[in-house]
Amino acid sequence: MDSIEAPDLASRRFKANPYPFYARLRAEAPAYRIRVVNLRTWLVTRYDDVLMVLRDERFANDWSPRMPWVLRRFAGPLTRHMLNRDPPDHTRLRTLVHKAFTPRLVERLRERMQSVCDDLLSAAAPSGRMELVRGYALPLPLTIIAELLGISPEDRLRFHSWSRRSVAVSTGIDFLRAIPTMWLSMRHLRALFVERRARPRDDLVTALVQAEEAGDKLSEDELLSMVLLLLLAGYETTVNLIGSGTLAMIQHPEQRDRLQQNPALAEPAIEELLRYCSPLEVASARMTREEVTIGSATIPRGELVSAVIGSANHDESQFPDPEALDIAREPNKHLAFGMGAHFCLGAPLARLEAQIALTTLFRRFPNLRLAAAPESLRWRKGLIFRGLEQLPVAF
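Everything numeric here is computed off the predicted structure, so don't read it as measured data. (Residues numbered from 1 in each chain as written. Predicted model: local features only at pLDDT ≥ 70, side-chain atom pairs only at ≥ 80, totals over all residues. Heavy atoms only, no water.)

Novice: I keep staring at the nonpolar core and nothing clicks. Help me out?
Specialist: Burial of nonpolar side chains together is a common tendency in soluble globular proteins. Core analysis: the biggest nonpolar cluster contains 82 residues, and M113, Y136 and L391 have the highest contact counts within it. Each residue touching Y136, except ones within four places of it in the same chain, is listed here: C117, L120, L121, M130, E131, I242, I356, A357, T360 and L361. The next biggest cluster of nonpolar side chains, apart from the first, holds 20 residues, and it includes W42, A297, A307 and I309. (Core = buried A, V, L, I, M, F, W, Y, C linked by side-chain atoms within 4.5 Å. Buried < 20%, exposed > 50% of the residue type's maximum accessible area, 1.4 Å probe, protein only. Contact = heavy atoms within 4.5 Å.)

Novice: Could you clarify how one ought to interpret unusual backbone geometry in this entry?
Specialist: Residues other than glycine predominantly adopt negative phi, and peptide bonds predominantly adopt the trans conformation. The amide bond that connects P87 to the next residue, P88, takes the cis arrangement and shows omega of 5 degrees. Note that P88 resides in the loop between α4 (69–75) and α5 (89–97). Note that the residue after E330, namely P331, is joined by a cis bond; omega there is -5 degrees. In this fold, P331 is placed in the loop between α17 (309–312) and α18 (347–364). At S278, a residue that is not glycine, the phi angle is positive and equals roughly 40 degrees. The topology assignment puts S278 in the loop between α16 (266–277) and β5 (286–288). Unlike most non-glycine residues, D321 shows phi in positive territory, near 50 degrees. Relative to the helices and strands, D321 is located in the loop between α17 and α18. Look at D321 and you get exposed, because its relative accessible area is 55%. (Helix = DSSP H or I, 4+ residues; strand = E, 2+ residues; numbered from the N terminus.)

Novice: Please clarify how the pairing of strand β1 (residues 31–36) should be interpreted in this entry.
Specialist: Along any regular strand, the residues point their side chains to alternate faces of the sheet. As paired elements, β1 and strand β2 (residues 39–44) share 6 bridges and run antiparallel to each other. Bridge pairing in β2 places I34 opposite T41. From the end of β1 to the start of β2, which pair antiparallel, there are 2 residues, and V37 there has a positive phi angle of about 50 degrees. (Pairing = 2+ DSSP bridges.)

Novice: Hey, could you run me through the pairing of strand β8 (residues 304–307) in this one?
Specialist: Burial along β8 is two-sided: L304 and S306 facing one way and V305 and A307 facing the other are all buried. Two elements, β2 and β8, share 4 bridges in a ladder whose sense is parallel. When the sheet's bridge partners are listed, L43 is paired in β8 with S306. Bridge analysis of β5 against β8 gives 2 bridges, and the strand direction is antiparallel.

Novice: Where do I start with the environment of P268 in this structure?
Specialist: Tracing the sequence through the fold places P268 in helix α16. In sequence terms P268 and S127 are 141 residues apart; their C-alpha atoms lie 32 Å from each other.

Novice: Is there a simple way to explain the side chain of E271 in this structure?
Specialist: The topology assignment puts E271 in helix α16. Every residue in contact with E271, bar those within four places of it in the chain, is listed here: N332, H334 and R351.

Novice: Would you mind showing me how to read empty space enclosed by the protein here?
Specialist: Per the stated rule, a full pass over the model turns up 1 cavity of 30 Å³ or more. Lining the largest cavity, in full, are T237, T238, L241, L274, P279, L280, A336, F337 and A350. Of the residues forming the lining of the largest cavity, the biggest block, 3 residues, is contributed by helix α14 (residues 236–251). Across the lining of the largest cavity, the residue classes tally to 7 nonpolar, 2 polar and no charged. (1 Å grid on protein atoms, 1.4 Å probe; cavity = no way out; pocket = protein on both sides within 12 Å on 5 of 7 lines; lining within 4 Å. Points joined across faces, edges and corners; volume = space filled by probe spheres on them. Nonpolar A, V, L, I, M, F, W, Y, C, P; charged D, E, K, R; others polar.)

Novice: Which parts of the structure should I look at to understand the sheet that holds strand β3 (residues 59–60)?
Specialist: In a beta sheet, neighbouring strands are held together by backbone hydrogen bonds and run either parallel or antiparallel to one another. An order of β1-β2-β8-β5-β3 is seen for the 5 strands of this open sheet, with the pairing classed as mixed. Each edge of the open sheet carries a strand with a single partner, namely β1 and β3. Taken strand by strand, helix α3 (residues 47–55) contacts β2, β3, β5 and β8, and its axis lies near 120 degrees from that of β8. (Axes fitted to C-alpha atoms, helices over the stretch in contact; angles between N-to-C directions.)

Novice: Explanation requested: the side chain of H314 in the structure shown.
Specialist: The residue H314 is located in the loop between α17 and α18 in this model. Here H314 falls in the buried class, since its relative accessible area comes to 1%. Polar contacts involving the side chain of H314 include one to the main-chain carbonyl oxygen of Y276, which spans 2.9 Å. (Polar contact = N/O pair within 3.5 Å; in protein donor to acceptor, adjacent residues only side chain to side chain.)

Novice: Would you mind going over the packing of aromatic side chains with me for this structure?
Specialist: For any pair of aromatic rings, the description rests on two quantities: the centre-to-centre distance and the angle between the ring planes. Applying the stated criterion across every chain, the model contains 8 aromatic pairs. Between the aromatic rings of F14 and F21, the centroid separation amounts to 5.9 Å while the plane-to-plane angle is 80 degrees, which identifies the pairing as edge-to-face. F21 carries the same exposure label as F14, and that label is buried. Between the aromatic rings of Y19 and Y22, the centroid separation amounts to 6.4 Å while the plane-to-plane angle is 70 degrees, which identifies the pairing as edge-to-face. Of this pair, Y19 and Y22 are both found in helix α2 (residues 19–28), 3 residues apart, which corresponds to roughly one turn of the helix. Pair check on accessibility: Y19 and Y22 agree, each one buried. When the ring centre of F319 is taken as origin, the NZ or CZ atom of R275, which lies over that ring, is 5.4 Å away. Directly above the ring of W379 sits R386, whose terminal nitrogen or CZ lies 4.1 Å from the centroid. (Phe/Tyr/Trp six-rings, centres within 6.5 Å; stacked < 30°, edge-to-face > 60°. Lys NZ or Arg CZ within 6 Å of the ring centre and 35° of its normal.)

Right, dumping it as structure tokens:
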């Protein structure tokens, strides 16, 4: 393990193609110790081991005992969401929001999603080109989750800017620079909660505020953290999926042709793009409750463990020819949304948004192509997510 030199896992260069490094870790060091943002953590990369970390009760989601004091001091309220909680707190928090994301209720949003996609593409059509991330991949999921929560149109891009700065943190200096952003977002949301208490609306923020006021188990910090989590998780992975998925389909024209000739492949195509692109690259941190052995490594009690979903989704032991894009791949038991009790409750929303976005895009612009050299594309910095900064296209 010591012979493997770790790259900067949050750098744009690494994000462009992390899979050769992950393949080496799977073969030589399936539990690999590394320092990230001045914290020691173990990267777990094999499919079966990642699945174990996500489901096994020996790995706790509440890693607050290892949380640096500066994080607790300046961003403590932002960490009190359900991803960082174990039962019964996790169950309590998830119960308050899961009804808003059931497949049946999400399906009701189909018409609104289609309308947003059509409007965005119609606005871009006359110019014959667009920057797809900011012009299409971002506005769709951001609009939908903001409308669900009750975030005003003028505040949406503001929250987006704040979230981008926060998720790009990969060093201690990055964290210090992000502190003003975190405080601004918290202050803004607290003002929103005051407004919703005075003037309730038919939105998810009002429902959560009223649950808190009714003594239904939400503290002020939990309310703040939950809303920020729903806003962030409600669009960040989908932006990456639509952007990276579009690039993958452009670079694999035979797969794009299959989808255009057979629209029934839309659902399996999204599942394959979730696997192939892995927009959530690393799951939220876990902490070992007891000593655990993975491969030849023994991880002591109280250590942080990071399950690398992007590696598990490219594990050759689970997916034959994992570096090939096959929109009809079957079976396809990818882990893009996690697994177990913390499985992403927004999965139905993300799946439907991506399906409508990509099928509409390639139907409207069947000759969609890159408007820049592939090697010039910039990938976003950050450890957790994997996505493009920009994607210039022409049609």
